[in-house]
Protein chains: 2
Amino acid sequence: MKQKKEKIAVVGAGLVGSLVAIYLAKRGYGVDLYERRHDMRRSGAEGGRSINLALSNRGLLPLSEVGLGEAAKKMVIPMRGRMMHSEKGALTFQAYGREDQAINSISRGGLNELLMNEAEKNGVNIHFNHRCTDIDFDNSKLFFDIDGAQKTETADIIIGADGAFSVVRGIMQKTDRFNFSQHYIEHGYKELSIPPDADGNFKLEKNALHIWPRGNYMLIALPNLDGSFTCTLFFPFEGDPSFEKLRTLQDVDQFFKATFPDARELMTTLLEDYQQNPTSSLVTVKSYPWVKNKTLIIGDASHAIVPFYGQGMNSGFEDCRILNQILDQYSDDWKTTLQVFSNTRKIDADAISDLALQNFVEMRDLVADKDFLLRKKIEAKLHELFPDRWIPLYSMVTFNEGIRYSEAMKIGKKQQAIMDQVMKTPDIHQKWELLDFRSIVDMLEV
Amino acid sequence: MKQKKEKIAVVGAGLVGSLVAIYLAKRGYGVDLYERRHDMRRSGAEGGRSINLALSNRGLLPLSEVGLGEAAKKMVIPMRGRMMHSEKGALTFQAYGREDQAINSISRGGLNELLMNEAEKNGVNIHFNHRCTDIDFDNSKLFFDIDGAQKTETADIIIGADGAFSVVRGIMQKTDRFNFSQHYIEHGYKELSIPPDADGNFKLEKNALHIWPRGNYMLIALPNLDGSFTCTLFFPFEGDPSFEKLRTLQDVDQFFKATFPDARELMTTLLEDYQQNPTSSLVTVKSYPWVKNKTLIIGDASHAIVPFYGQGMNSGFEDCRILNQILDQYSDDWKTTLQVFSNTRKIDADAISDLALQNFVEMRDLVADKDFLLRKKIEAKLHELFPDRWIPLYSMVTFNEGIRYSEAMKIGKKQQAIMDQVMKTPDIHQKWELLDFRSIVDMLEV
C-alpha cells in the first residue's frame, strides 16, 4: 500500500478508535491515536465500563477484515441462545438462531488490548495521557492537556471516537445547527459476579446468555474465560423495587433471595460486589451532522445506544468497516467520503438505537411470556422452511451483517404486523404446526 | 414584606432573569443578578437577538403582578390580527380573537431596560460583565470571569435564566441522568426593515402582524413605535429557494421583487439590511430535570422554542409567575417549590414547544389556504355563540392565561378532530352558516 499524504488524528483509543486507526494505517495513512487514559496494557483497566460484551457478526466481519478474526475468536465464549430462569429456578432455553449461530462473550479489556497492539504493529502512534480539551474545526487543530501541560497538534482529518461522553462531540455541540440529544432511561445497572466453582468450572451452562426476566427489571449473566459469569442487574433507580429502595445489604440479600433464588446461591460475593461496584446510568445519544469540516465523530461519540441488543460495540465496528468501504469507493476522497458516510450511516444508527430500546422490554418481560415464546417458535419455523425469505428480526440484526439496521427494522415491522395476525388464529397454541407457512411468508412480499 | 434569609443568585439579566429577580426581591429576598454583557442601558444593545417581540396575555399578567403592566402597555403597538399579503399584493385580514383582544409588538431592548430599572428599584444588585464559567451544584457556588479576572460567589438558591445557550444548563448537562436535546429546524431567519415614510408614518396597517405566506417560507412584519416595521424572513438554509441560493444582492433584489412585490417597494433599505444582518438559526431546546440541588433553570435556558406562536418570552414570564405562585403556596419552602415547579411546568413547556413548531406550517402555508380560512371562520363563529365552551386554540394559548399550555393543546386536538368532521359536510363553503353549531360544541364534551 502506497503511503498517503494525509495525516490522521483519532481521538480515543477505545475499541472503535483503535479499530478505525488500524483500518486507516492499513490504507497507508499516518495515524496518531490520542487517549485520555494511561496505557491499560501496563497498569490495568480503569473501572466504569462493562467488563464483557457480546461480539456478533457485525463486529466480527471488520475484525476479520483487519486480520484479527482468528485472534478474536480465541478470546470468546459462544452463547447460542438465551437461558431464562424463572422465580422458581425453572430453565427455558431459546436458541438465538440456527445451530451454527451464536453471539460471543468477550472481555472488553482483552479485545481493546488486542486492537491497540495491532494498531501499533501497523505503525499507529498511540499517545496516552492526552486529554483533548478543544478542537479548531476550521484549521483541524487539536488541543491537549497532558498532566497539566498544554500541547497543540494538527491533522488533515480528525476522527472523534471518544465514546458516549465524547469531548469532540461536546465541542461540535457548541457550533451552530448541531442537533443533539441525550436521553437517560429510568433504569440503571450494576455489575455483579458468579465466581467459578472450587475446581474453576462454570456454575451455569457456559454457552448461553442467562436471563432472569422479572417484568420491569432483569438480571443477566455472560460467561468469562476464567469460569466466572459477569452478572448485570438492570433495575429502576427509583420506585419499588429500585436501587433507591435497597438501602442496606440485608435488603439486597433478601431481595435477591426472593427474586433470583437460584442465582443468589451462586453469587457468593454478592454483597461485596453490590457495595463496591458503581450504579451506572444508561443513555441514548443522537447527534447530527457527524461532520464538521474535516472532523468526523463515529461509534458511541455520535450514536451511543442502550446495551439491550448487544449492538453498541458491533455498530461501532461496523462504522469503521463502512467508512473503509466508502474510502475504497471514492478513492480516498475524504470530503465526499465524510458526507456519504454520515448521510447513509445516520439512518442505520437511528434504527439500532430504537431497536435497542425496544429490546429491553423483550428481554426483561416478554421472554417470560407464553405468546411471545410461541411467536418466536413460529418465526424459527418460518426461517427453517424459508431461510432466505423469512429471517427473524433478531437474526437480521445479529447474524446478517449484509442487511442494514434500517432495512432490518423495516422488515421487522412488516413481520410483526403479519405475526400479530397469525397469533389471532383460534387455538394457535395447539394448532400452530398446522399453519400454512408458505402463505405467511408470501405476505411479506405484499 | 419581611426580609428573608436566603440569598438568591440569578444568572442572566435578560427578560426572564430580570423579571424573576423582581418577583424574588419583592418577596423579601436579597437578589444578585449576574449578566455576561455590559449594561445595555449605557452602551446600547448587542446584536444577535430579535428586535421586537409579541407580548400577549401570559406575559402581561406577570408584568402586571410586579407593577409594570401600565408601563409596558405604553410601549406596545397592539396587533389585532394577521394581515396576509398575496403574491399579487391582495390583502386578507384575519382577527386573532375578539375585537378587544390583541397581541402587542414591543421592543425587546426597551422592555429589558424597563425590567432592569425596576429590578434595581427593588434592591436587586445587577453585576454586569460577569460571565458565569462554572457552578458547584453541591455547594451552590458560582464562578465568574470578569474581563479575565476570576471571582467566586455563593448563594442559597441559584436561578439560571441565561437563555437558549445557557451556561448553567451546559454545566447541568455534564451531570449524570440529565436529559437534553437541541434540535434546529431547516429554516433560518434574517431581520430586515420597512422604514417609516417621509413624514414618519407607518407604510402599512399599523395594528396588524403582516404575513407574506409562501408555502415553505414566509416574510413577516411587526410595527415599531418609530413608524417602522421590523421584517423577518423565515427561509430555508439550503434548497431552492434558500439563503444559500441567494448569492448576490441582485439575486436578493430579484427574489423579493418576484415573491414579495408589495413589500419590496416599501423595503427601501433591503439590500443594506440583507448584507449587514446575520442569518440566524432556530432551535428547540428541551431539558429535564430543571433542578440540580438548589439550582433551577427557567425560560429559554430550560425550554427554548421556535418563535412561531409568539410565546417564547410569554412562556418565560409565565415561568416566573408560576414560580412565585408556588412559593406562595408552599410558604417559601424552596425544596418543595423547585420540585413542584419543574414537575408541573415541564408538561406545559413541552406543549408550547410542540405547538410553536406546528404553527410555523400554519403561518407560512395554511393561512393562504381556503379550507383553513373557513375553519377559522367557523371556529370564530363557535366562539362567538359559545364563548366559554369553544375557545379556538390560538385564543387559548394567546388570550387565556388561565388555561395551561398542556390543557390548551389537549383541547385543541379534540377541536381539530371535530373540525375535520365538520369540514367534510357537503358544500361546506356555501352552507357553513347553516351548520348546527350547538351540536358541534356538544361534541367537545363527549
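Residues numbered from 1 in each chain as written. Chains lettered and ligands numbered in written order. Predicted model: local features only at pLDDT ≥ 70, side-chain atom pairs only at ≥ 80, totals over all residues. Heavy atoms only, no water.

- In the annotation of an unreviewed UniProt entry, chain A is listed under the name Kynurenine 3-monooxygenase and assigned to Fulvivirga imtechensis AK7.
- Taken from UniProt, the Sequence similarities (unreviewed entry) comment for chain A reads in full: "Belongs to the aromatic-ring hydroxylase family. KMO subfamily."
- UniProt's Function (unreviewed entry) comment on chain A is quoted here verbatim: "Catalyzes the hydroxylation of L-kynurenine (L-Kyn) to form 3-hydroxy-L-kynurenine (L-3OHKyn). Required for synthesis of quinolinic acid." (UniProt positions renumbered as here; feature names shortened; annotations may be inferred.)

**Points about the overall build of chain A**
- For chain A, the helix and strand inventory stands at 17 helices and 19 strands.
- Here chain A has a C-alpha radius of gyration of 23 Å; the compact-globule value for 446 residues is 22 Å, and the two agree.
- Across its three principal axes, chain A shows a C-alpha extent of roughly 65 × 55 × 40 Å.
- In chain A, which comprises 446 residues, the proportion classed as buried is 56%.
- Taken as a whole, chain A presents about 19400 Å² of accessible surface, with 49% of it coming from carbon and sulfur.
- Taking the average place of the 55 positive charges on the side chains of chain A and the average place of its 61 negative ones, the gap between the two points comes to 3 Å. (Helix = DSSP H or I, 4+ residues; strand = E, 2+ residues; numbered from the N terminus. Rg over C-alpha atoms; globule rule 2.2 N^0.38 Å. Buried < 20%, exposed > 50% of the residue type's maximum accessible area, 1.4 Å probe, protein only. Areas by Shrake-Rupley, 256 points an atom, 1.4 Å probe, with all protein chains shown as cover. Lys, Arg positive; Asp, Glu negative; His and termini not counted. Charge placed at Lys NZ, Arg CZ, Asp CG, Glu CD.)

**Details of the interface of chain B and chain A**
- Taken together, the contacts link 16 residues of chain B with 16 residues of chain A.
- Contact between chain B and chain A buries roughly 1400 Å² in total, counting both sides, with carbon and sulfur atoms accounting for 33%.
- Three residues, Arg177(B), Gln182(B) and Tyr184(B), lead the burial of chain B against chain A; their summed loss comes to 42% of the area buried on that side.
- Our enumeration of links across chain B and chain A arrives at two salt bridges.
- With its nearest N and O atoms 3.4 Å apart, the salt bridge here joins Arg177(B) to Glu238(A).
- It is strand S13 (residues 179-194) of chain B that provides the largest number of residues to the side of chain B that touches chain A, a total of eight residues.
- The residue inventory of the side of chain B that touches chain A, partitioned by class, reads five nonpolar, seven polar and four charged.
- Sheet topology places strand S13 (residues 179-194) of chain A next to S13(B); three bridges connect them, and they run antiparallel. (Contact = heavy atoms within 4.5 Å. Buried area = accessible area lost by both parts, 1.4 Å probe. Salt bridge = Lys/Arg side-chain N within 4 Å of Asp/Glu carboxyl O. Nonpolar A, V, L, I, M, F, W, Y, C, P; charged D, E, K, R; others polar. Pairing = 2+ DSSP bridges.)

**Thoughts on the domain arrangement of chain A**
All names here are of chain A.
- The domains assigned to chain A are domain 1 (7-77 + 105-182 + 284-359), domain 2 (184-281) and domain 3 (369-443).
- With centres defined by C-alpha atoms, the gap from domain 1 to domain 2 works out at 30 Å.
- In this assembly, 17 residues from domain 1 lie in contact with 14 residues from domain 2.
- Interface area, domain 1 with domain 2, both sides summed: about 1200 Å², of which 67% is carbon and sulfur.
- Taken as a group, Asn52, Ile77 and Phe308 account for 44% of the area that domain 1 buries against domain 2, more than any other trio of residues on that side.
- The interface formed by domain 1 and domain 2 contains four residue pairs in polar contact (both at pLDDT 80 or more).
- Element by element, the count of residues in the side of domain 1 that touches domain 2 is highest for strand S3 (residues 52-55), at three residues.
- Here the side of domain 1 that touches domain 2 is built from residues that sort into 11 nonpolar, five polar and one charged. (Domains from an automatic or database assignment. Polar contact = N/O pair within 3.5 Å; in protein donor to acceptor, adjacent residues only side chain to side chain.)

**What about the side chain of Thr175(B)?**
- Its location among the elements puts Thr175(B) in the loop between helix H6 (167-173) and S13.
- Filtering out sequence-adjacent residues up to four positions away, Thr175(B) remains in contact with Tyr184(A), Phe137(B) and Lys292(B).

**A word on the relation of the copies chain B and chain A**
- When chain B is fitted onto chain A, the two copies agree to an RMSD of 0.0 Å after a turn of 180 degrees and an axial shift of 0.0 Å. Such a combination of rotation and displacement between the chain copies is what one expects of a two-fold axis. Measuring from the rotation axis to each C-alpha of chain B, the shortest distance belongs to Ser181(B), at 2.0 Å.
- Interface overlap between copies is the fraction of interface residues in one copy that are interface residues in the other; for chain B against chain A it reaches 100%, indicating a shared surface. (Least-squares fit on C-alpha atoms with pLDDT ≥ 70 in both.)

**Focus: the sheet that holds strand S11 (residues 149-154) of chain B**
All names here are of chain B.
- On the basis of which strands lie adjacent, the open sheet formed by three strands has the order S9-S10-S11 and antiparallel pairing. Each edge of the open sheet carries a strand with a single partner, namely strand S9 (131-136) and S11. Across the sheet, the mean angle separating the axes of adjacent strands is 25 degrees when strand polarity is ignored.
- The sheet contact formed by strand S10 (residues 141-146) and S11 spans six bridges and is antiparallel. (Axes fitted to C-alpha atoms, helices over the stretch in contact; angles between N-to-C directions.)

**Some thoughts on the pattern of salt bridges**
Residue and element names in this part refer to chain B.
- Throughout the structure, instances matching the rule amount to 53 salt bridges over all chains.
- A salt bridge links Asp332 to Arg27, with the shortest nitrogen-to-oxygen separation between them at 3.0 Å. Here the residue Asp332 occupies a position in the loop between helix H11 (312-329) and helix H12 (334-364), and Arg27 occupies one in the loop between helix H1 (15-26) and strand S2 (30-34), the gap between them amounting to 305 residues.
- Judged by relative accessible area, Arg27 falls into the buried class, the value being 8%.
- The residue Arg41 makes a salt bridge to Asp39 at a minimum N-O spacing of 3.0 Å.
- For Arg41, a relative accessible area of 23% puts it in the partly exposed group.

**As for the packing of H1(B) against H11(B)**
Residues and elements named next belong to chain B.
- At a minimum axis separation of 9 Å, H1 and H11 run at an interaxial angle of 20 degrees. With respect to each other, H1 and H11 are oriented roughly parallel. At the point where H1 passes H11, the crossing takes the right-handed sense. The segment H1 lies against H11, with Leu15, Val16, Leu19, Val20, Tyr23 and Leu24 engaging Met313, Gly316, Phe317, Cys320, Arg321, Leu323, Asn324 and Leu327.
- Class assignment of the residues belonging to the contact of H1 with H11 gives a composition of 11 nonpolar, two polar and one charged. (Parallel < 35°, antiparallel > 145°, perpendicular 65-115°, else oblique. Left-handed = near helix turned anticlockwise from the far one by under 90°.)

**Some remarks on the sheet that holds strand S7 (residues 103-107) of chain B**
Residue and element names in this part refer to chain B.
- A sheet is described by the order of its strands in space; here three strands give the open sequence S3-S7-S4, paired in antiparallel fashion. For this open sheet the edge positions go to strand S3 (52-55) and strand S4 (77-79), each flanked by a neighbour on one side alone. Recorded for the sheet is a direction-independent mean angle of 35 degrees between the axes of neighbouring strands.
- Note that S3 and S7 share four bridges and pair antiparallel. What sits directly across from Leu55, in S7, is Asn104.
- Against the sheet, helix H5 (residues 108-121) engages S3 and S7, with an angle of about 80 degrees to S7.

**Observations concerning helix H17 (residues 437-444) of chain B**
Residues and elements named next belong to chain B.
- The set of residues buried in H17 consists of Phe437, Ile440, Val441 and Leu444. For H17, the buried positions fall inside an angular range of 95 degrees around the axis, keeping them on one side.
- Considering only its buried residues, H17 is in contact with helix H13 (370-385) and helix H15 (405-422). (Arc of directions from axis to C-beta.)

**Describing unusual backbone geometry**
All names here are of chain B.
- Backbone torsion omega between Asp240 and Pro241 reads 0 degrees, so that peptide bond is classified as cis.
- One can find Pro241 in the loop between strand S16 (229-236) and helix H7 (249-259).
- Of the consecutive residues Tyr288 and Pro289, the connecting peptide bond is found in the cis state with omega at 0 degrees.
- Along the polypeptide, Pro289 turns up in the loop between strand S17 (280-288) and strand S18 (291-292).
- Although it is not a glycine, Asp147 sits at a positive phi angle of roughly 50 degrees.
- Examined against the element boundaries, Asp147 turns out to sit in the loop between S10 and S11.
- When its relative accessible area of 70% is taken as the criterion, Asp147 is described as exposed.

**A short note on the packing of H13(B) against H17(B)**
Residues and elements named next belong to chain B.
- Close contact between H13 and H17 brings their axes to 10 Å; oriented N to C, the two are set at 85 degrees. Classified by the angle their axes make, H13 and H17 are roughly perpendicular. In this structure, H13 uses Ile378, Lys381, Leu382 and Leu385 to contact H17, whose residues at the interface are Phe437, Ile440 and Val441.
- When the residues that make up the contact of H13 with H17 are grouped by side-chain class, the tally is six nonpolar, no polar and one charged.

**Points about the state of the cysteines**
Residues and elements named next belong to chain B.
- In the structure shown here, the tally under the stated rule is zero disulfides over all chains.
- With no disulfide of its own, Cys132 has Cys320 as its nearest cysteine by sulfur position, at a separation of 18 Å.
- A relative accessible area of 6% means that Cys132 is categorised as buried. (Disulfide = S-S within 2.5 Å.)

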